[in-house]
Amino acid sequence: MNISFLTLPDPRIKPSGSRDPLGFQTIWVKLGRELVGDNLTTITSSIDNFIVALLASYYSFQEQDEDKKIEVFFKVEQLGAYFRIASENKNKNNIMGITQAQKNYDANRMILGKDGQIFGNQKTSGLWGYYSSALMMSGLINQEKNQIEDNGIQIINKVLTKFSFDEFINKPSIDVETLKRHANSFTQAVGVVYQDMVGIVLNKSKFNIYSMAESFFQSRPEKIDYSEFYEWMQKNHPNEDLTKKLLEIKKIDQTLWVASKVFEFCRTKKDIDITDVASDLARIVKSSELKNIKLKQSDLKVKKFIELWNNKQFSQVIQELVNIHADAMKNRSSAKWLSIKDKKLNVTVGAKMSLPTSIKSIPWQYNYFLHSYISIAYQVYMQGKNYE
């Protein structure tokens, strides 16, 4: 069974100057895709949201009018949030728009549709904007034909045997009493397809990471994070290719961390001569654990930076970071934060920080989508047993 799908923009690889002034996103995104697959983003971290987004798509596609499609999608998304708030299971994990939805629920004033948006712009900031592309890349939707695939329909049909939105779609609002009557039926219906959905969403990795995640959770039932999982995989898996990939990621992430910290450091040196900044940098590195960091060569746009850092050529290190930054901001038509003018640092967007002097282990600069991956896996592991 195929259903027409309205093509949506993919917000997943949109650079942000405030978070990515050196343009490193293209580097870590590529590595993350190689590790966990091409369907997850830093936002898509909830199995419930995947399921609700699929259900919202299903109901909206039954409408011919484009405005009505959006209206129905919004309603299903809003109802999904309210049912989860009202549920005895108290499963509020990762409800998008939870602040406004909870406020509406507490006031018992829940308008549905465009007039009751739980975001300032629910289309761009909610499930429509963030999960539709992930559904496409997961194979639940045929992106080329704009259709839901059969495995998506199988999940929908399984939910519909236990719960239907039909009686709510045409209502302009809903009250707390009604939500409480139906909330547990909704969460049970969603929970029943946890394993089906996770088997699709987390099955894009060529390294079979999901089976490792289950073993990892068994060894520590408390809440975990992606960095712990990364370290655990390094020690407990038999896959040689995965070993190489994890080591590659760790080395590159260390390089990106050092480059980012030095760039921030330079942004604290407004109107200071570049040679004086280089001298300060050399002194701090020499007297700290930074001196023990030797960055690894790799085929990256930061290759020259690595060579200069390892050779302690700090004036050139600063110049190279300024060049990398200039290219990144030019590519997105944004104003530069840092440049060199008359041999001095010209800072237009400053920073307040100092280089760390004691580093037991370098913290992660990026999460390579492992945060979303492990969050989904953990949710299914901890809550899925309630629906078996």
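Residues numbered from 1 in each chain as written. Predicted model: local features only at pLDDT ≥ 70, side-chain atom pairs only at ≥ 80, totals over all residues. Heavy atoms only, no water.

1. Digging into the nonpolar core
Counting 133 residues, the largest nonpolar core has Phe-165, Phe-229, Phe-305 and Trp-309 as the members making the most contacts within it. Of the residues forming this core, the biggest block, twelve residues, is contributed by helix α14 (residues 240–266). When sequence neighbours within four positions are dropped, the list of residues in contact with Trp-309 reads Val-258, Val-262, Val-285, Leu-290, Ile-293, Leu-295, Phe-314 and Val-317. (Core = buried A, V, L, I, M, F, W, Y, C linked by side-chain atoms within 4.5 Å. Buried < 20%, exposed > 50% of the residue type's maximum accessible area, 1.4 Å probe, protein only. Helix = DSSP H or I, 4+ residues; strand = E, 2+ residues; numbered from the N terminus. Contact = heavy atoms within 4.5 Å.)

2. Details of the pairing of strand β5 (residues 338–341)
As paired strands, β5 and strand β6 (residues 344–347) are joined by four bridges and run antiparallel to one another. When the sheet's bridge partners are listed, Leu-338 is paired in β6 with Val-347. Linking two consecutive strands that pair antiparallel, namely β5 and β6, is a turn of two residues; a positive phi of about 55 degrees is found at Asp-342 within it. (Pairing = 2+ DSSP bridges.)

3. Some words on empty space enclosed by the protein
Applying the stated criterion across every chain yields a total of two cavities of 30 Å³ or more. Taken as a whole, the largest cavity encloses approximately 60 Å³ of empty space. If you trace the largest cavity, you find it lined by Asn-49, Val-52, Glu-77, Gly-80, Ala-81, Arg-84, Ile-95, Met-96, Ile-118 and Leu-127. Counting only elements with at least two residues in the lining of the largest cavity, the list comes to α2 (47–60) and α3 (66–86). Sorting elements by how many residues they give to the lining of the largest cavity places α3 first, with four residues. Taken together, the residues of the lining of the largest cavity sort by class into six nonpolar, two polar and two charged. (1 Å grid on protein atoms, 1.4 Å probe; cavity = no way out; pocket = protein on both sides within 12 Å on 5 of 7 lines; lining within 4 Å. Points joined across faces, edges and corners; volume = space filled by probe spheres on them. Nonpolar A, V, L, I, M, F, W, Y, C, P; charged D, E, K, R; others polar.)

4. So, the packing of helix α13 (residues 226–236) against helix α18 (residues 370–383)
Here α13 crosses α18 at 90 degrees, and the two axes come no closer than 9 Å. Of the possible angle classes, the one that applies to α13 and α18 is roughly perpendicular. Counted together, Tyr-226, Phe-229, Tyr-230 and Met-233 of α13 and Leu-370, His-371 and Ile-374 of α18 form the full contact between these two elements. Along the lines of polarity and charge, the residues of the contact of α13 with α18 split into six nonpolar, one polar and no charged. (Axes fitted to C-alpha atoms, helices over the stretch in contact; angles between N-to-C directions. Parallel < 35°, antiparallel > 145°, perpendicular 65-115°, else oblique.)

5. Describing the pattern of salt bridges
By the definition in use, this model includes 14 salt bridges. For Lys-245, the salt bridge goes to Glu-34, with nearest N and O atoms at 2.4 Å. With Lys-245 in helix α14 and Glu-34 in helix α1 (residues 25–36), the pair connects residues that are 211 residues apart, well separated along the chain. Owing to a relative accessible area of 12%, Lys-245 belongs among the buried residues under this scheme. You can call Glu-34 partly exposed: its relative accessible area is 24%. Among the ionic contacts, a cluster of salt bridges with common partners joins Lys-30, Glu-34, Lys-245 and Glu-248. (Salt bridge = Lys/Arg side-chain N within 4 Å of Asp/Glu carboxyl O.)

6. A word on the side chain of Ser-205
Assignment of secondary structure puts Ser-205 in the loop between α11 (194–201) and α12 (209–219). Residue Ser-205 is classed as buried on the basis of its relative accessible area of 10%. Looking at Ser-205, its side chain comes within polar contact range of the main-chain oxygen of Leu-35, at 2.8 Å. Separated by 3.1 Å, the side chain of Ser-205 and the backbone nitrogen of Phe-207 make a polar contact. The residues contacting Ser-205, other than those within four sequence positions of it, are Leu-35, Val-36 and Gly-37. (Polar contact = N/O pair within 3.5 Å; in protein donor to acceptor, adjacent residues only side chain to side chain.)

7. Here we look at the packing of α14 against helix α15 (residues 274–286)
Closest axis-to-axis distance for the α14/α15 pair is 11 Å, and the angle between their directions is 135 degrees. For the element pair α14 / α15, the angle class is oblique. The element α14 and its partner α15 pack so that their crossing is right-handed. Across the interface between the two elements, Val-262, Phe-265 and Cys-266 of α14 pack against Val-277, Asp-280, Leu-281 and Ile-284 of α15. (Left-handed = near helix turned anticlockwise from the far one by under 90°.)

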